[in-house]
Amino acid sequence: MNNTDWGNLPFGYMKTNYNVRCYFRNGKWGELEISSSETINIHMAATSLHYGQEAFEGAKAFMGKDGKVRLFRWEENAKRLRNSAKGIMMAEVPDDLYFSAVKKVIELNKEFVPPYGSGASLYIRPLLIGTGAQVGVKPADEYLFMIFVSPVGPYFKSGFKPVNMMICRSFDRAAPLGTGHIKVGGNYAASLQSLKKGHDGGFASVIYLDAKHKEYIDECGPANFFAIKDNTYFTPESSSILPSITNMSLIQVAEDLGYETLRRPIHIDELSDFDEAGACGTAAVITPIAKIVDEIENKTYEFSTDGKPGKISTKLYKRLQAIQTGDVPDEHNWVELLDI
Ligand SMILES: *Cc1c(COP(=O)(O)O)cnc(C)c1O
């Protein structure tokens, strides 16, 4: 048994027992391998190192009250990883391989699934990289698909509390016809400077605008943006947004709870009309936003002045978490109970 202090886990990497790996060679996927090594050995001319042939996923597993491990919407992660692979010309991971890999890695590390009620969960990080050597710019002919896991605490130590964000006008994360809609490492490299700028300014994250007009909301750092006005959940539509599975789920939960939902381009001027705003993603589920500062235009949009999250954001957050841990019925078949 391990003696992890589940209640005080950071959101970070922690070594576990095993990871799983599978190689694509000679046009086909091989056997799933189990490894206890934290390192990988690849060719120095691998395309992932030079030309960014790299995609990843992020998902979570939760321990339910009944002692069963629950995996949230894995088919959506598998589908998105296939899309990312297609987008940068990598071998696609079939869904059955994805599932057997994720099930195996959780089973092998079951003692690291944080207990029910701890607020912690098991973070799952699938990775797909070009390992074949190339010097000319072309896709590799060999790939590595691997998954490691790490128990993680809540993303924000302060808990479910509104944070401040900054409009990013000096950087773009992704281009309209670029790779913003797929989950590739290159997008993250492109976001590091702007995130640093935001953090240095005392902001939890930055809000990217559409790269072409710099007028519409794109994303909140590595999370989707949503807002609430009257009884409607709004979220931006744009070709450079990464389709968040959390956002997709919140839209459904909002509809289940009787709210209207609308996905359409959101002009920055509309920010002054919204009652609540937030960022959403697997890591934090929802990060409520207190205020958004647009330094260059000298404007501030406020959504919370009392340090408390909005009523509807709170309802959505609680409901989605309850589905993930099995506290309320899983009406949409989002949760896979693992027999491990
Ligand atoms: C992964 C990611 C998200 C969140 O997606 P989820 O599936 O909800 O975790 C949002 N934006 C970007 C850029 C991402 O990479």
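Residues numbered from 1 in each chain as written. Predicted model: local features only at pLDDT ≥ 70, side-chain atom pairs only at ≥ 80, totals over all residues. Heavy atoms only, no water.

Caption draft 1: A look at the packing of helix α5 (residues 245–256) against helix α6 (residues 311–325). Between α5 and α6, the shortest axis-to-axis distance is 10 Å and the interhelical angle comes to 105°. Between α5 and α6, the crossing angle belongs to the class labelled roughly perpendicular. Mapping the contact onto sequence places Thr 246, Ser 249, Leu 250, Val 253 and Ala 254 in α5 and Leu 316, Arg 319, Leu 320 and Ile 323 in α6. When the residues that make up the contact of α5 with α6 are grouped by side-chain class, the tally is 6 nonpolar, 2 polar and 1 charged. (Axes fitted to C-alpha atoms, helices over the stretch in contact; angles between N-to-C directions. Helix = DSSP H or I, 4+ residues; strand = E, 2+ residues; numbered from the N terminus. Parallel < 35°, antiparallel > 145°, perpendicular 65-115°, else oblique. Contact = heavy atoms within 4.5 Å. Nonpolar A, V, L, I, M, F, W, Y, C, P; charged D, E, K, R; others polar.)

Caption draft 2: Main features of the pairing of strand β5 (residues 59–63). Burial analysis of β5 places 5 of its 5 residues in the buried class, which makes it a mostly covered element. Here β5 shows a buried face lined by Ala 59, Ala 61 and Met 63 and a second buried face lined by Lys 60 and Phe 62. In this structure, β5 lies alongside strand β7 (residues 121–130), joined through 3 bridges in antiparallel fashion. Pairing of Ala 59 across the sheet is with Ile 124, part of β7. The sheet contact formed by β5 and strand β6 (residues 69–72) spans 3 bridges and is antiparallel. Bridging across to β6, Ala 61 finds its partner in Leu 71. Turn length for the β5-β6 hairpin, with the two strands adjacent in sequence and antiparallel, is 5 residues, and the turn residue Gly 67 shows positive phi of about 80°. (Buried < 20%, exposed > 50% of the residue type's maximum accessible area, 1.4 Å probe, protein only. Pairing = 2+ DSSP bridges.)

Caption draft 3: Highlighting the packing of aromatic side chains. Inspection of every chain in the model, using the stated rule, returns 14 aromatic pairs. Ring plane angle 35° and centroid distance 4.7 Å describe the contact between Trp 74 and Phe 99, whose orientation is recorded as tilted. Pair noted here: Trp 74 is in helix α2 (residues 74–87) and Phe 99 is in helix α3 (residues 95–108), with a separation of 25 residues, a long-range link. Aromatic pair Tyr 98 and Phe 145: ring centres 6.1 Å apart, planes at 25°, arrangement stacked. With Tyr 98 in helix α3 and Phe 145 in strand β8 (residues 143–152), the pair connects residues that are 47 residues apart, well separated along the chain. Each of the two residues, Tyr 98 as well as Phe 145, counts as buried. Sitting over the face of the ring of Tyr 23, Arg 25 holds its NZ or CZ atom 4.3 Å from the ring centroid. (Phe/Tyr/Trp six-rings, centres within 6.5 Å; stacked < 30°, edge-to-face > 60°. Lys NZ or Arg CZ within 6 Å of the ring centre and 35° of its normal.)

Caption draft 4: Here's a closer look at the nonpolar core. Counting 38 residues, the largest nonpolar core has Trp 29, Leu 71, Ile 106, Ile 124, Leu 128 and Phe 145 as the members making the most contacts within it. Mapped by element, the contributors of at least two residues to this core are β1 (19–25), β5, β6, α2, α3, β7 and β8. With 7 residues, the top contributor of residues to this core is α3. Those residues in contact with Trp 29, other than ones at most four positions away along the chain, are Cys 22, Tyr 23, Phe 24, Ala 91, Glu 92, Val 93, Pro 94, Leu 97, Leu 128, Tyr 143 and Phe 145. (Core = buried A, V, L, I, M, F, W, Y, C linked by side-chain atoms within 4.5 Å.)

Caption draft 5: Representation of the domain arrangement of the protein chain in the model. On domain assignment, one finds that the protein chain holds domain 1 (6–152) and domain 2 (163–325). Using only C-alpha atoms to locate each centre, domain 1 and domain 2 end up separated by 26 Å. Counting the surface lost from both domain 1 and domain 2, the interface buries some 1700 Å², and carbon and sulfur atoms represent 66% of this. When residues of domain 1 are sorted by the area they lose upon contact with domain 2, Phe 56, Phe 72 and Arg 80 head the list and together hold 36% of the total. Between the two partners, domain 1 and domain 2, sit 0 salt bridges. Of all elements in the fold, only β4 (54–56), β5, β6 and α2 reach the threshold of two or more residues within the side of domain 1 that touches domain 2. With 6 residues, the top contributor of residues to the side of domain 1 that touches domain 2 is α2. Residue classes in the side of domain 1 that touches domain 2 are distributed as 9 nonpolar, 6 polar and 8 charged. (Domains from an automatic or database assignment. Buried area = accessible area lost by both parts, 1.4 Å probe. Salt bridge = Lys/Arg side-chain N within 4 Å of Asp/Glu carboxyl O.)

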